[in-house]
Amino acid sequence: MDGSIGVPVVRRDGAAKTSGTALYAADFPHADTAYAALTTSTVTRGRIIRIDTTEAEAVPGVQMVLTHHSLNETLGEETFVMKGGHMQSSFMPLTSDEVHYAGQIVALVVADTQEAAEEASRKVSVDYAAQHASASIEDADRVEEPMDDKSIDVGDAEAAFDRAPVKVDATYLTPAQHHNPIELYGATAVWQDGKLLVNAPSQWVVGNQAGLAAIFGLPMDDIRVESPYLGGGFGAKATILPHTVLVAMAARRLGRPVKLVVPRETGFTVSSFRPATRSRVRLAAEQDGTIVAVMHDEAAQSAVIDHVAFPATGVTARMYASPNIRMRESTIATDVNTPGFQRAPAEAPGFFGFESAVDELAVALGMDPIELRIKNEPVCDPVKGLPWSSRSLVPCFRRGAELFGWNRRTPEVGSMTTPDGMLLGWGCASATYPSAMCPSSARVKLSADGTCVVSCAAHDLGTGAYTVLGQVAADVLGVPDELVRVHLGDSTLPSGPVAGGSVTTGSAGSAVHMAALAVRERLLKAAAGGGDPASFTLAGGHVIGPDSHGRPVAEVLASVTGGMIEETADWKPGSMSGDQMRMGLAGGMAFAGPTTETHASYSFGAQFAEVRVDPLLRTVRVSRMVGVFACGRIINPRTARSNLMGGMIWGASFALLEETKVDRPRARFANTDLAGYHFSTNADIGEVVVETVDEVDTVVNAIGAKAVGEIGIVGMPAAIANAIYHATGVRVRKTPILVEDLLG
Amino acid sequence: MQPFTYVRADSLDAALSEASQPGAAIMAGGTTMVDLMRGNLAAPSRLVDIGHLPGLSEIDTTGPVLRFGALARMADVAEDATLLRDYPALSESLRLAASQQLRNAATLGGNILQRTRCQYFRDGISNCNKRVPGSGCSALDGENREMGLLGTSDQCVATYPGDWGAALAAFDTSVELRSVGGSRTVPFAQFHLPYGDDPAHESVVQPGEIVTAITVQAMPAGRKSTYVKVRDRQSYAYAVVSATVALEMDGDTVTSARVSLGGVASKPWRAPEAEAVLTGRTLTEAVALEAGAAAFAAARPLHHNAFKIELGRRAVARAALLASKRT
């Protein structure tokens, strides 16, 4: 079938996944594998004063117990991803007796069987000298540390706010959350002839390769990181998790492959998480709804061991036209494992508060919340005055309102009910996500047998990259879908970008596009012989000459040396320097955008929620969600829809369920399993309608595709909170919104 | 988990004999016991699998005494047509519990013996008088939204988590136990132990004893019964609060009432105070709410769970109003 851009091609990897033949990282068989298990700290902060492994080592089958005593090895220079490295944290467990957070790895046990390793891991006896610790941003001893370089000041927002007739000033809270991908964390390390193979679920195989090369003092070519499929990553599997390094060290010492699969509860502390945030939002408007001041002060949880922040205010500042904008960011260091990227890291928490406040402003104005947003639609970026590469927020709202039936909404609180007596609430919110880009390489090979092979060390998180990247090549080369093969998730392939920041389609896709164009050029040249290639075209599997005579592509290729044409291309965003590109392709973190010297590039969306609230019990159910998004050119409507829908469903979870609770007296996460950490089940999600609007963006990248991967979650929490207000009159300014928040 | 011997019993007598060995524990559907062993909360040296024993999975819901074999699966019992018609509260309590996959595997006997989901008990490291007697209770000053406020003590505030048990408490229920020494029948009200000073012990089941059946005295109020489960999500979540109400009515007047609570107490909790409010009254929303308030008169709220008094009041009211409309 036609596999070109815009066709809803069915997921290329679907059959392998549903039939169980797709190999995930932990599925790769390696002969003579030994199994690892972790012992983690039971205190939050302090020192290990004694660690006794005698009993653990006595468990039959135990081969090795690594502790800070026995590790005793100097690692190569590597560091935290936010400091330019590839690690999840600056702190490497087992390199000292220090304990910085609860659930920190204090020993790694390796045994002949999984059962023996687990049993022995429990028999590692540790005594700690514990110190006072705080894991919550609400603890009295925590202080806000301003990040002055993140401040945004346009005009005089304070003065404008003071003068304005209608204003909102409210503070909103979001909790810590964990990714909880269904595929658990883990790693298998295999050394052969001094070279290291790592099978670990990874959103960044080349970055992991570069980091492991640095740690083990090896050339990059001696490291291979392989992760063809992911059972969810959501940002948690981008960096090198410390246990991967420990597993590799254990495997080298033992001379055997070592495999670790991290149990669910341990996953809460050996990886990253979405930090808690507190947002104070102040908005002011004239009586007619013209916004005159936008202020957003965000304080977000960070770690004592690593300063880390995902500032939302640089994004919320882009939403509405206002002559006066004042944005402030700060962090609050806590005794936790280092927080990290989690789907829309800045935007999802930041927009809950910001878009709730916009709804509060609409209520204060007595104005329809969509009308308020449209009235304040900015013609250019409100911060820098740059033109948008494309922005279709208003069309998104218009189409979304139509799909949702917004005109049937009566604005008075509690004015809508269902036939069975439930209170009905309708709410909406805006969403955006920056369209940043990374450099990428890609290889495209067209063979005489008709197949087209696309290779790139990019990643398919389960969201469709295998399918979409194939379509980009098929579109240029006119190859039917069934003859396209795509290879991803292996660091031996041409360098691909981190699967983060929603960059894969735009970045890797641009590289594939470029390589495919190069293949086409050679193909046409071959067909032209000594003639002018420009007078030849490619259509329907044939090369058409100036005489309108078509020759099958296979026939042309048969005349080429080797019977195939292969091209590799390096693509970089237009605003990026060559040095930056080379750094990125070598496994560095190289982003360009979303604002460049000429344009601001963001995807936008309008999101709607219907909630039903039981008038007596005050339980909330989300019966309907509508999302309309503008993300540039949609390569595959099927996978894009699915990706956006997944984000919206997560947004419903964010609004009503997800919270990693902090046991404040003991300064640790409390609900560290899936019985305690709730996310939506199928039964919680009613109808979900997703559409995209047509949008042409000739600026953002070679294929005109903007960010799809993360925007779906961004507006949903506020849309649901706003719907709950509409149903009940209760404005809940924190998530998750629980039954007790509505009992009155 | 520590090494253990797995024994698959092929008769009840063989199972009883195996169960009488020191360090033995019983596994039926495995949904509770495997979980406890994986969490190092149970470490039997001998695991006696009775899941496939013949003769213990029959149910009879038609006679003057409803009889549920201990090995009957939750999913099967939930769909029993007679139970659905005559005792909807019992069906609903099963259908609203866990997930379909778990209900397919879990047995009724194991269900009433499931242990608390208290995170401080489960985490293996917090102070917990239930896990390590005398070590204290981290839930008292910790995250205690999920904790109980009835039948709790200063030693333990954990809740009994089950839905089926919570509903059974509203009926005249008994549990049949067998051991190599013989058999005995324990009224359900005495089957679970309130926490008091010894929260480590949760039921009267002794080492070597196996639950063989659960019986319920037939009663007309069964038809006007319902199980209202309030939970944070629509499926696969323990109750924040649950209320079971079974009524006999003469017109709009309640002539007899049974009320029990789940998710809020140390054991399946009968609420006679609420029953007293309802009995003899014309059922209105106000009376139903008054009954709900009475059910929580003795509540001992903690920092994060005081809302359950109000939520529980409303859940009882909802259940009473729903039950009264059943025919």
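Rules behind the numbers
- Residue positions within a chain follow its written sequence, with the count starting from 1.
- Throughout, the order in which chains and ligands are written sets their labels, letters from A for the former and numbers from 1 for the latter.
- Under the rules for a predicted model, residues below a pLDDT of 70 receive no local features and side-chain atom pairs below 80 are neither given nor counted, while totals for whole chains, interfaces and linings still include all residues.
- Only hydrogens and water are set aside when side-chain values are computed; all heavy atoms of the structure are taken into account.
- Here, strands pair whenever DSSP counts at least two bridges between them.
- Only DSSP runs of H or I with at least four residues qualify as helices, and only runs of E with at least two residues qualify as strands; both kinds are numbered from the N terminus onward.
- Helix axes use the C-alpha atoms of the stretch in contact, all axes being lines fitted to C-alpha atoms, and the angles between their N-to-C directions lie in the range 0 to 180 degrees.
- In this analysis, two residues are considered to be in contact whenever any of their non-hydrogen atoms come within 4.5 Å of each other.
- The term buried area refers to how much accessible surface (probe radius 1.4 Å) is lost by two components on association, counted for both of them together.
- Here a polar contact is recorded for every N or O atom pair within 3.5 Å, except that within protein the pair must consist of a potential hydrogen donor and a potential acceptor, and residues adjacent in sequence are included only if both atoms are side-chain atoms.
- When residue character is reported, Ala, Val, Leu, Ile, Met, Phe, Trp, Tyr, Cys and Pro are called nonpolar, Asp, Glu, Lys and Arg charged, and the others, Gly included, polar.
- Where each domain starts and ends follows an automatic or database-derived domain assignment.
- Counted as salt bridges are all cases of a side-chain nitrogen of Lys or Arg within 4 Å of a carboxyl oxygen of Asp or Glu.

Novice: Would you take a moment to explain the sheet that holds strand E5 (residues 105-111) of chain A for this structure?
Specialist: The strands making up a sheet are joined through hydrogen bonds of the backbone, oriented either antiparallel or parallel. All names here are of chain A. Read across the open sheet, the 7 strands follow the order E3-E5-E1-E13-E10-E11-E12; overall the sheet is mixed. Of all strands in the sheet, those bounded by a partner on one side alone are strand E3 (62-66) and strand E12 (223-226). The average undirected angle you get between the axes of adjacent strands in this sheet is 20 degrees. Of the strand pairs in this sheet, strand E1 (residues 34-40) and strand E13 (residues 258-261) are connected by 3 bridges, and their pairing is parallel. Following the sheet pairing, tyrosine 35 is matched in E13 by lysine 259. Against the sheet, helix H6 (residues 205-216) engages strand E10 (186-192), strand E11 (195-199) and E12, with an angle of about 145 degrees to E12. With respect to the sheet, helix H7 (residues 242-254) is in contact with E1, E3, E5, E10, E11 and E13, its orientation differing from that of E10 by roughly 35 degrees.

Novice: Even after reading the chapter, I still don't get the interface of chain B and chain A, so can you show me in this structure?
Specialist: Interface extent is often summarised as the accessible area lost during association of the parts. In this complex, chain B contributes 34 residues to the contact, which on the side of chain A involves 29 residues. In this assembly, chain B packs against chain A so that about 2900 Å² is buried in total across both faces, 53% of it on carbon and sulfur atoms. It is Arg233(B), Gln234(B) and Arg314(B) that lose the most area in chain B upon contact with chain A, and together they represent 23% of the buried surface on that side. Remark: the boundary between chain B and chain A carries 15 residue pairs in polar contact (both at pLDDT 80 or more). For the side of chain B that touches chain A, the secondary structure elements donating two or more residues are helix H8 (119-122), strand E9 (225-230), helix H12 (285-295) and helix H13 (307-325) of chain B. Top contributing element to the side of chain B that touches chain A by residue count: H13(B), with 6 residues. In the side of chain B that touches chain A, the residues fall into 12 nonpolar, 8 polar and 14 charged.

Novice: In this structure, what is going on with the domain arrangement of chain A? I would like to understand it.
Specialist: All names here are of chain A. Under the domain assignment, chain A is made up of domain 1 (32-133 + 182-232 + 237-270), domain 2 (277-435 + 595-741) and domain 3 (437-585). For domain 1 and domain 2, the distance between their C-alpha centres works out to 37 Å. Domain 1 puts 20 residues into the contact, and the matching count from domain 2 is 21 residues. Taking both partners together, domain 1 and domain 2 bury about 1700 Å²; carbon and sulfur atoms supply 65% of that area. Applying the counting criterion to the domain 1 and domain 2 interface returns 1 salt bridge. Residue lysine 83 pairs with aspartate 306 through a salt bridge whose shortest N-O separation is 4.0 Å. Summed over the shared surface of domain 1 and domain 2, the result is 8 residue pairs in polar contact (both at pLDDT 80 or more). Taken together, the residues of the side of domain 1 that touches domain 2 sort by class into 8 nonpolar, 8 polar and 4 charged.

Novice: Explain the pattern of salt bridges to me, please; I cannot follow it from the model alone.
Specialist: In a structure, side chains of opposite charge can pair up when their charged atoms sit close to one another. Counted according to the given criterion, the structure contains 70 salt bridges over all chains. Taken together, the shared-partner salt bridges connect Lys661(A), Glu740(A), Arg145(B), Glu146(B) and Asp232(B) into one network.

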